[in-house]
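An overview of the molecular structure
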Amino acid sequence: MLIEHYDLEVFTPPCDPGSERFAATARLTTDISGVFPYLNATLRGAVYLREANALTWKKGGHNIAFHAFEISTSNVEDRAAAEKELKGLIDLVNRTWERRDEITPDAETHQRPTPMAIYKLLPQTNCKQCGEPTCYTFALKLTTSQKKIADCQPMFEPQYAGKLAELREIIIEAPAIG
Ligand code: SF4
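Structural notes, computed from the coordinates. The shown structure was predicted, so the numbers you read here are calculated from the model rather than taken from an experiment.

Reading guide: rules and limits
- Residues numbered from 1 in each chain as written.
- Predicted model: local features only at pLDDT ≥ 70, side-chain atom pairs only at ≥ 80, totals over all residues.
- Heavy atoms only, no water.
- Near = heavy atom within 4 Å.
- Nonpolar A, V, L, I, M, F, W, Y, C, P; charged D, E, K, R; others polar.
- Pairing = 2+ DSSP bridges.
- Helix = DSSP H or I, 4+ residues; strand = E, 2+ residues; numbered from the N terminus.
- Axes fitted to C-alpha atoms, helices over the stretch in contact; angles between N-to-C directions.

Next up on the list: the site of the ligand. Close to the ligand lie P123, T125, N126, C127, K128, Q129, C130, C135, F138, C152 and P154, which account for all nearby residues. Looking at the shell around the ligand residue by residue, the classes come out as 7 nonpolar, 3 polar and 1 charged.

Rendered as structure tokens:
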């Protein structure tokens with residue numbers, strides 16, 4: 001197990017004093033830099049900044065940052081939510097580290113696909129089967145991992161096979177957290 005101990009800090013963001021949302025940081029006693037190329041290879045939308053020895057990721061409205069000795073997340077409701085979110089991220093790091101022999105590490109910095117780039121590959125019928133009012137809203141949520149490709153069932157119709165393949169090229173589905 002890579003991370004065995006950590007201290008949790010939950011605080012109001014300094015840029016937004018009095019906010020009802022919180023930021024949280026897990027301070028680590030172990031250097032987790034070695035897992036970054038494996039997270040970069042498996043997390044949809046991750047941006048690995050090798051020079052800065054950091055990896056950022058957006059998930060479900062949270063901006064997440066992994067540094068050598070800390071993991072931070074933003075926009076959490078309360079302390080309990082912060083604890084749950086960070087525990088999930090720590091489990092993710094540990095699981096990824098344990099699976100590293102099965103993963104080809106990736107040290108490149110990839111640009112996140114833009115919502116418009118994703119939208120161009122969707123059926124653009126605004127059929128609402130995914131639970132979103134428009135395909136563009138779905139594209140926005142796909143970029144932040146609030147939706148999965150499988151949530152758009154029309155995408156699996158034969159006429160979209162080519163676009164589905166392109167979508168899968170630019171989007172790596174994230175593993176479950178927690
Ligand atoms: S299910 Fe697919 S095609 Fe229908 S609105 Fe959602 S993204 Fe668009």
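Pairing is antiparallel in the open sheet, where 6 strands are placed in the order β1-β2-β6-β5-β4-β3. Each having just a single partner strand, β1 (6-11) and β3 (47-49) make up the two edges of the open sheet. Adjacent strand axes in the sheet meet at a mean angle of 15 degrees when their direction is disregarded. In terms of strand pairing, strand β2 (residues 22-28) meets strand β6 (residues 70-76) through 5 bridges, oriented antiparallel. Counted as the bridge partner of A24 is T73 from β6.

To continue, consider the pairing of strand β5 (residues 62-67). In the sheet, strand β4 (residues 54-59) pairs with β5 via 6 bridges, with the strands oriented antiparallel. Residue pairing in the sheet places T56 in a bridge with A65 of β5. Counting the residues between successive antiparallel strands, the hairpin from β4 to β5 contains 2 residues, one of them, G60, with a positive phi of roughly 55 degrees. Where β5 and β6 come together, 4 bridges link them in antiparallel fashion. Directly across from F66, in β6, lies its bridge partner I71. The turn linking β5 back onto β6 is made up of 2 residues.

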